[in-house]
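Survey of secondary and tertiary structure
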Amino acid sequence: MSQVFPVPAGFAEHAHVDADTYARVYARSIENPDEFWRDQAGFLDWMRPFSQVSDTKFDPDDLRIRWFADGSLNASVNALDRHLPAKADQPALLWEGDGVEESRVVTWGELSDRVNRLANVLKGLGVAKGDVVTIYLPVIPEAFVAMLACVRLGAVHSVVFSGFSAEALADRIHDAGAKVLITADEGKRGGRAVPLKVNADRALNSQKQVHSVVVVRRSGADVPFTPGRDHWYDAVLDAAAPWCEPVEVGAEDPLFILYTSGSTGKPKGLVHTTGGYLVHAGTSWRTIFDWHENDVFWCTADVGWVTAHTYKVYGPLLNGATSVLFEGVPTWPDVSRWWSIIAKHKVNIFYTAPTAIRSLMREGEAPVSRHDLSSLRVLGSVGEPINPEAWLWFHRVIGGGRCPIVDTYWQTETGAVLLVPIPGATPNKPGHAAKPYFGIRPELVDAHGNTLDGPGQGNMCFAGSWPGQARTILHDHDRFVRTYFAPYPGRYFTGDGGSRDEDGYYRIMGRVDDVINVSGHRLGTVELESAISSHPAVAESAVVGYPHDIKGQGVFAYVTLKEGFAESDALRREIIEAVRTRIGPIATPDAIQWAPALPKNRAGKILRRILTKVAAGDYDNFGDTSTLADPQVVDDIVQRRRDNS
Ligand code: 6R9
């Protein structure tokens, strides 16, 4: 039995949604989804109204996901123009740099000016409706400017996390077919420089696809510059005209691409479209965080992830909300950096990830109690299941016991939230993403495709479409259908396992596919294995996730070396370096165990189930091992794991 935390006294009276409203609106949204979403769509300014709300079918042989299809609009008009001139002098972004002495306030007027100018610059570089622009920037206001400048032209942004390596960036630029890249000289994290321009140059080496690079001067470092191809952001913006006519796009025209890891080696470029995504993002953001005018919101996610796309960029901007942006890390220059920012800007709504909470929790309460966090009213969590211990600490120490925690379950693919305890409506149970958002129909499905009734555990699926969901994988619609709609026909399959209790509360149990969730970041095991195998000494490798105190899951790699190579710490370091070069520091293996051989069945398939158990230090109950080609291999692996732990 989980402890239950009721909606705090007095909270519901001022909330957008209380328990009765939730029950009534949810029921209506399921009985008549089109009517519900039509109402929600009224939140946006449309250039041409839509006549049909939805045209959707979750049939793997004839998949159809279309929302508001004959309507048209422009995302930047909705995110900026409609807040002007009323909010011209009010802050849109409160930026804190990596160093404590660096901060900036960007007003709505300035943001709009920069967006219009950059849009004109991009237009001058040949960017037009439907073209993809890759953005490789740290958490600085220019990242927002870049995204909005693209969509002002009807162009499609593809943001690549600034922690990805040159090779990972090159793959994503190439796959998206981008001809223009927007980056910075350097990023700054924890007092260290991140060599963005150097990485970008390396990614653009020996290719002709990208003809123009716009470079933001962030650190002022002396970086390589290719005349003709490279342009300093400040110089070209100063020279650009301050108004750019927004381009009208269809609701089903693409808004952005975002890459995420799947269970094969190649990252998937999920394609999100304009109308449905903006309706879902904008309306759910204000509802689930119970945002009210003048509230200050802070989402700590990096712009490279979907969490930031939906609930740091589009959600707040569509609502005309003031947001905090922070470039650095929570532990630098000291472990109270986040808490000092909350106190400085009197943040009311704070949205972060369990992995960060777990690492800050280790530092105890003293760094927190030095700061006044009494402005906080709502807390949020995202990216991975939050363990009850971290939940309770977040609630008591950061939220002072008075703030509901909005545990938002969703994915890059789903565009916006699916499961969530709406703060004025749904009592919290630690670790539970709780209840479906409006219009969302969760189902737990067993291995045979049967939908479970009542309490139980199963594969987390969703029946029926919702407007924010991705429409396809770039260049691979077949993979899109196969991955999400074929496993359980009639439903969208998330790749997660879930459970439901007697109160109808859902809890996410983690991935059931070959994806591991490290500090809230998705990494494909196959992708990791191919990075490891790029080292010339490696014959074969198998990667699994294992429990990690801070990261949730860590990366555990079993590595078999080629003849003639000896196991050594130096080799271990080289393999780690190979992974950092191919993917980036987020993928750094936490443990490498040498394995003279990997456990395989007679067909040569690696038995990951066993490797996962051994990595977790669980040496019993390997289940059916009769298919093992050589049982001795398992004894060997167990022995080595015991010796090392
Ligand atoms: C938004 C985001 C998606 C995967 C998802 C699941 C895990 C996300 C969660 C959660 C439990 C939550 N996940 N939120 N698990 N509770 N509140 O994180 O998107 O990066 O695509 O990751 O993250 O495993 O399938 P994305």
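What counts, and where the lines are drawn
Residues numbered from 1 in each chain as written. Predicted model: local features only at pLDDT ≥ 70, side-chain atom pairs only at ≥ 80, totals over all residues. Heavy atoms only, no water. Domains from an automatic or database assignment. Contact = heavy atoms within 4.5 Å. Buried area = accessible area lost by both parts, 1.4 Å probe. Salt bridge = Lys/Arg side-chain N within 4 Å of Asp/Glu carboxyl O. Pairing = 2+ DSSP bridges. Helix = DSSP H or I, 4+ residues; strand = E, 2+ residues; numbered from the N terminus. Phe/Tyr/Trp six-rings, centres within 6.5 Å; stacked < 30°, edge-to-face > 60°. Buried < 20%, exposed > 50% of the residue type's maximum accessible area, 1.4 Å probe, protein only. Lys NZ or Arg CZ within 6 Å of the ring centre and 35° of its normal. Near = heavy atom within 4 Å. Polar contact = N/O pair within 3.5 Å; in protein donor to acceptor, adjacent residues only side chain to side chain. Areas by Shrake-Rupley, 256 points an atom, 1.4 Å probe, with all protein chains shown as cover. Axes fitted to C-alpha atoms, helices over the stretch in contact; angles between N-to-C directions. Parallel < 35°, antiparallel > 145°, perpendicular 65-115°, else oblique. Left-handed = near helix turned anticlockwise from the far one by under 90°. Nonpolar A, V, L, I, M, F, W, Y, C, P; charged D, E, K, R; others polar. UniProt positions renumbered as here; feature names shortened; annotations may be inferred. Core = buried A, V, L, I, M, F, W, Y, C linked by side-chain atoms within 4.5 Å.

This part covers the domain arrangement of the chain. As far as domains go, the chain holds domain 1 (11-76 + 266-509), domain 2 (107-250) and domain 3 (515-644). Here the C-alpha centre of domain 2 lies 28 Å away from the C-alpha centre of domain 1. Contacts between domain 1 and domain 2 engage 32 residues on the former and 32 residues on the latter. Roughly 2,800 Å² of surface becomes buried between domain 1 and domain 2 when both sides are summed, with 63% attributable to carbon and sulfur atoms. Applying the counting criterion to the domain 1 and domain 2 interface returns three salt bridges. A salt bridge links aspartate 175 to lysine 266; the shortest N-O distance between them is 3.0 Å.

Paired through backbone hydrogen bonds, the strands of a sheet run either parallel or antiparallel to each other. Strand order in the open sheet formed by eight strands is β12-β11-β8-β6-β7-β14-β15-β23, and the pairing between neighbours is mixed. At either end of the open sheet lies a strand with only one pairing partner, and these are β12 (230-232) and β23 (472-473). As defined by bridge partners, strand β11 (residues 212-216) adjoins β12 across three bridges and the pair is classed as parallel. Residue valine 213 lies in a different strand from β12, and its bridge partner there is aspartate 230.

Tallied over the full model, the rule gives 42 aromatic pairs. Pairing tyrosine 484 with phenylalanine 485 gives two aromatic rings, centres 6.5 Å apart and planes at 75°, and the pair type is edge-to-face. A residue is classified by how much of its surface remains accessible, and tyrosine 484, at 2% relative accessible area, is buried. On the basis of relative accessible area, phenylalanine 485 is assigned to the buried category, the value being 0%. Through a chain of ring-to-ring contacts, the aromatic side chains of Tyr22, Tyr26, Phe36, Trp37, Trp46, Phe50, Trp67, Phe68, Tyr437 and Phe438 assemble into a single cluster. Arginine 152 extends its terminal NZ or CZ atom over the ring of tryptophan 243, reaching a point 4.9 Å from the ring centre. The positively charged end of arginine 217 is found above the aromatic ring belonging to tryptophan 232, 3.8 Å away from the centroid.

A separate point is the site of the ligand. Asp407, Thr408, Thr412, Asp496 and Arg522 are the nearest of the 17 residues found near the ligand. Separating an oxygen atom of the ligand from a side-chain N or O atom of arginine 511 is a distance of 2.8 Å. A distance of 2.7 Å is found between an oxygen atom of the ligand and a side-chain nitrogen or oxygen belonging to arginine 522. For the ligand, whose accessible area on its own is 530 Å², the fraction buried by protein is 96%. Those elements that provide at least two residues to the shell around the ligand are α11 (306-319), β20 (405-408) and β25 (506-511).

Right, let's get into the packing of helix α7 (residues 166-176) against helix α8 (residues 196-204). For the pair α7 and α8, the least separation of the axes is 8 Å and the interaxial angle reads 55°. With respect to α8, the axis of α7 lies oblique. In terms of crossing hand, the pair formed by α7 and α8 is right-handed. On the side of α7, the interface is formed by Ala166, Leu169, Ala170 and Ile173, while α8 contributes Asn199, Ala200, Arg202, Ala203 and Leu204. Along the lines of polarity and charge, the residues of the contact of α7 with α8 split into seven nonpolar, one polar and one charged.

This brings us to the UniProt feature "domain: Acetyl-coenzyme A synthetase N-terminal" (unreviewed entry) in the chain. Listed under "domain: Acetyl-coenzyme A synthetase N-terminal" (unreviewed entry) in the UniProt record, and renumbered for this structure, are residues 22-79. What you have in residues 22-79 is 41% helix and 17% strand, and the ends, taken at the C-alpha atoms, are 27 Å apart.

Before going further, it helps to examine the UniProt feature "domain: AMP-dependent synthetase/ligase" (unreviewed entry) in the chain. Those residues carrying the UniProt feature "domain: AMP-dependent synthetase/ligase" (unreviewed entry) are residues 83-465 in this numbering. Here residues 83-465 is 31% helix and 23% strand, with 31 Å between the C-alpha atoms at its ends.

One finds Phe68, Leu118 and Tyr314 to be the most contacted residues of the largest nonpolar core, which totals 165 residues. Considering every element that reaches this core, the biggest residue donor is helix α6 (residues 141-152), with nine residues. Among all residues touching leucine 118, those that are not within four sequence positions of it are Val145, Ala146, Ala149, Ile182, Val214, Tyr233 and Leu237. Counting 29 residues, the second largest nonpolar core, distinct from the first, contains Val347, Ala356, Leu373 and Trp391.

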